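Descriptive structure summary
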Amino acid sequence: MGAPLAPGARDWSELHPDALSVIFTKLGAIEVLMGAGLVCHSWLHTAKLPELWRSVDMSNHKVVEKMADNVLCAMAKVAVNRSCGQLETFMGKRFVTDDLIKYIGDRAPSLKGIRLISCYISSVGVVGVINKFPLLEDLEFSLCSKVYGKYVFEAIGKSCTQLTRFICCEGEGHIFEDSFEEDAFSNDREAMGIATMTKLNSLQFFGSSMNNSGLAAILDNCPNLESLDIRYCFNIKMDDALQAKCAGIRSLRLPHDSISDYEFKDNLPCWLPKLFEDVDPIFLDDDDILLEDIIFFD
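Keep in mind the model is a prediction, meaning the values are calculated, not measured.

Conventions adopted
- Residues numbered from 1 in each chain as written.
- Predicted model: local features only at pLDDT ≥ 70, side-chain atom pairs only at ≥ 80, totals over all residues.
- Heavy atoms only, no water.
- 1 Å grid on protein atoms, 1.4 Å probe; cavity = no way out; pocket = protein on both sides within 12 Å on 5 of 7 lines; lining within 4 Å.
- Points joined across faces, edges and corners; volume = space filled by probe spheres on them.
- Helix = DSSP H or I, 4+ residues; strand = E, 2+ residues; numbered from the N terminus.
- Nonpolar A, V, L, I, M, F, W, Y, C, P; charged D, E, K, R; others polar.
- Buried < 20%, exposed > 50% of the residue type's maximum accessible area, 1.4 Å probe, protein only.
- Contact = heavy atoms within 4.5 Å.

Examining empty space enclosed by the protein
Applying the stated rule across the entire model yields 1 cavity of 30 Å³ or more. The space that makes up the largest cavity amounts to roughly 60 Å³. Counting only elements with at least two residues in the lining of the largest cavity, the list comes to strand 3 (113-117), helix 7 (123-129) and strand 4 (138-142). Class assignment for the residues of the lining of the largest cavity results in 10 nonpolar, no polar and no charged.

Quick word on helix 6 (residues 98-107)
Looking at helix 6, one finds that the buried residues are Leu 100, Ile 101, Tyr 103, Ile 104 and Gly 105. Its buried side turned inward, helix 6 meets helix 5 (69-83), strand 2 (89-93), strand 3 and helix 7.

Looking at the layout of surface pockets
The calculated volume of the second largest pocket comes to roughly 290 Å³. Along its surface, the second largest pocket is lined by 24 residues, and Arg 115, Glu 140, Arg 165, Ile 167 and Gln 204 are the ones closest to its centre. Listing elements by their share of the lining of the second largest pocket, those giving two or more residues are strand 2, strand 3, strand 4, strand 5 (165-169), strand 7 (202-206), strand 8 (227-229) and strand 9 (251-253). Here the element with the most residues in the lining of the second largest pocket is strand 5; it accounts for 4 residues. When the residues that make up the lining of the second largest pocket are grouped by side-chain class, the tally is 9 nonpolar, 7 polar and 8 charged.

This is the structure we're talking about:
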């Protein structure tokens, strides 16, 4: 038996589930899993309603920076389970692994949006699960350093035929093409993969090493593009041909445009040899340290 209520006090356990659902939605997944959903039996019952878990955002809470990754993964699995197949968007930062993505893929056939930031997922993990998301419309990999390569983006293009928005923000190191012409083709491989995402209307490919031919392939194969952000893609030289291809794009951000509104300014990719203008492009010093050994370190 609980203590008697004071005169005029309200029994919050009797709050109507519809009102409680609205409150829980505003609180977000982490707050519900760690606190609000544990207050009492009636609140826990509401916290398990599938419609409450159509959107799970575990990317912008301070707990994500402090809690152990395995605990966060366990919490994410609980959220996915509670959605009962109704999950439509999932957002995670740092803790998401290949195993968790596979877990989501096996239980969220209606997923339409994924946003992953600084996560441990790999190219192999993405390719192995991406065909489980045929309804995907919105996809982001930001600062996910292990997700790269033409075959990854081709797999996404072939499996996610409804994809209209793609974000890939890189935070690694690149080499200026004018000093390393032999790498020109390899720099365009990822762009060729993106070119298979033919229904895109919004693309942010921040900090890519692609060059003009890679961008041209994207523009030629993605005719519905209305928003294009290629800031920090310094191998691209906007000549007349590219300017003509971009003429119909409403929102265009070019390589040297301001990054004042860029979300990850603390993780900008580094570009060489501009950072070492006065040294030989192959060897940095008398110790014969190869440039390729250091370009991925800020």
